[in-house]
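Listed below, chain by chain, are the residues.
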Amino acid sequence: MEKFVIEGGTKLKGEVTISGAKNAAVAIIPATILAKGRCVIENIPNISDVTILLRILREMGCTVNLIDRTTVEIDTTYIHEPVVPYEMARHMRASYYFLGSLLGRCNEASVSMPGGCHFGVRPIDQHIKGFEALGASVSIDYGMINAKWDTPIGAHIYFDVVSVGATINVMLSAVKAKGLTVLENVAKEPHIVDLANFLNSMGADIRGAGTDVIKIRGVDMLRGTTYSIIPDQIEAGTYMVATAATGGDVLIKNVIPKHLESITDKLEKAGAEITEYDDAIRVVRRQPLIKTNVKTLPHPGFPTDMQPQITVMLCLAKGTSIITEGVWDNRFKYVDELRRMGANIQVDGRVAVVEGVDQLTGAPVKATDLRAGAALLIGGLMADGMTEIEDIYHIERGYENVVEKLQSLGANIQKVVVPDEVVAKAL
Ligand code: EPU
């Protein structure tokens, strides 16, 4: 078993460079299938979710070569069969983007129901609604989602809820549909825009990404391309919050400050000073944390993927902060772990009431999902004494070299391997 061991109490100081965006990479990698040729993807994050998707491509018959640490060459000329089996898909949510890209490429796809973080029911009805509107017949048999069509025809699709996944999947499937597809009430996250830019660089005709309406004019074929993924908004936000939480001073490089505005706004309200540069942002906190209310919403609102991190920071803000989760039904499971560290948080459905305490204390805790794990890391950095975080594979799904990056900012953190026989004896 591997765990992170943190001795808290150090203020983060120095510079850190943000990696490519996980949630853009996990859409762009499956999208390369649409090219039937060679794509070079730059600024790719070295995280386990990316490794799994590249393995799926290899299993399908594609060639994948790492050119350097952040650049991968993918040749999708040959595909054996348009299938992603359970063993490959179960580890992560984004494996279902192969549904859209394989449909677009092969006119059929069979993909196992996806895994990923568990925060309430994660339906895929809006993905299916979109595929069906374009002419697909979709069935779910024995845990596999099967979709096929003869000729996809452009359609007008209004999504009932704003969904990142459905917007991406239906966009992938529609790039070659005949005529015009109009997607309304779509997600506007930076990774939606990045995927549209990537597809356009392959020859697609997509307009409006980043607004509520995306228009896609079908093209007959797409070609390989070279493309650089945007910086990770959530990794950047996590280092911003970690800096503010520890009362530190960090220059966070390789970011798009515009993508961070909702996070910047809340950190300023909570007492941090933020300076924006062209592609960097500096966070400093000199004064005590100030209680702050936060509501998560689809972009450009405050991201749900930053909710656990800001909640743990506000544990040390004097007074009462109210955190409202506006996207997921059940994203406060990690609060039990924070309570073990001395946090005073009451949860009622989608609302958490955080009463500031003077100090958190280190404790053994478990990461329950990716961003919950990030919150525990921040909690460990803020706490008095030693925190040991188990189930760190969740964190490594989405944060590249997190130990090295935090160490370079002065944090006292180690990754420790506990031999299995020691774990077994302790049980
Ligand atoms: N929803 C439906 N029907 C659908 C799809 C979604 O009702 O067909 C609902 C969901 O239940 C949820 C809301 O719509 O209440 C939003 O879900 P969305 O589809 O936007 O989420 P997702 O695509 O499954 C992505 C990110 C998540 C992030 C959410 C919201 C990826 C791979 N995952 O998930 O990121 O929380 O958007 O921004 O892009 C993370 O990175 O830690 C993470 C979990």
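How each quantity is defined
Residues numbered from 1 in each chain as written. Predicted model: local features only at pLDDT ≥ 70, side-chain atom pairs only at ≥ 80, totals over all residues. Heavy atoms only, no water. Phe/Tyr/Trp six-rings, centres within 6.5 Å; stacked < 30°, edge-to-face > 60°. Buried < 20%, exposed > 50% of the residue type's maximum accessible area, 1.4 Å probe, protein only. Axes fitted to C-alpha atoms, helices over the stretch in contact; angles between N-to-C directions. Helix = DSSP H or I, 4+ residues; strand = E, 2+ residues; numbered from the N terminus. Parallel < 35°, antiparallel > 145°, perpendicular 65-115°, else oblique. Contact = heavy atoms within 4.5 Å. Nonpolar A, V, L, I, M, F, W, Y, C, P; charged D, E, K, R; others polar. Pairing = 2+ DSSP bridges.

Caption draft 1: The arrangement of the packing of aromatic side chains in detail. Taken as a whole and judged by the stated rule, the model has 3 aromatic pairs. Arranged with centres 5.2 Å apart and planes meeting at 45 degrees, the rings of Y96 and Y97 form a pair that is tilted. There is no split in this pair, since Y96 and Y97 are both buried. Look at F332 and Y334: their rings are 6.3 Å apart centre to centre, the planes differ by 40 degrees, and that puts the pair in the tilted class.

Caption draft 2: Examining the packing of helix α8 (residues 233–246) against helix α9 (residues 261–269) more closely. Closest axis-to-axis distance for the α8/α9 pair is 10 Å, and the angle between their directions is 10 degrees. Classified by the angle their axes make, α8 and α9 are roughly parallel. For the pair formed by α8 and α9, the contact residues are Q233, G237, M240, V241 and A244 on the first element and I263, T264 and L267 on the second. Residues that form the contact of α8 with α9 fall into these classes: 5 nonpolar, 3 polar and no charged.

Caption draft 3: Highlighting the side chain of S19. In this structure, S19 sits in the loop between β2 (13–17) and α1 (22–31). Once residues lying within four places of it in the same chain are set aside, the contact partners of S19 are N43, P45, P231, D232, E235, E400 and K405.

Caption draft 4: Just the sheet that holds strand β7 (residues 108–112), in detail. Pairing is mixed across the open sheet formed by 4 strands, whose spatial order is β6-β7-β9-β8. In this open sheet, the two edge strands, each paired with only one partner strand, are β6 (83–84) and β8 (137–141). Here 5 bridges tie β8 to strand β9 (residues 144–148), and the two strands are oriented antiparallel to one another. Residue pairing in the sheet places S139 in a bridge with N146 of β9. Relative to β7, helix α4 (residues 97–106) is tilted by about 160 degrees, and along the sheet it contacts β6, β7 and β9.

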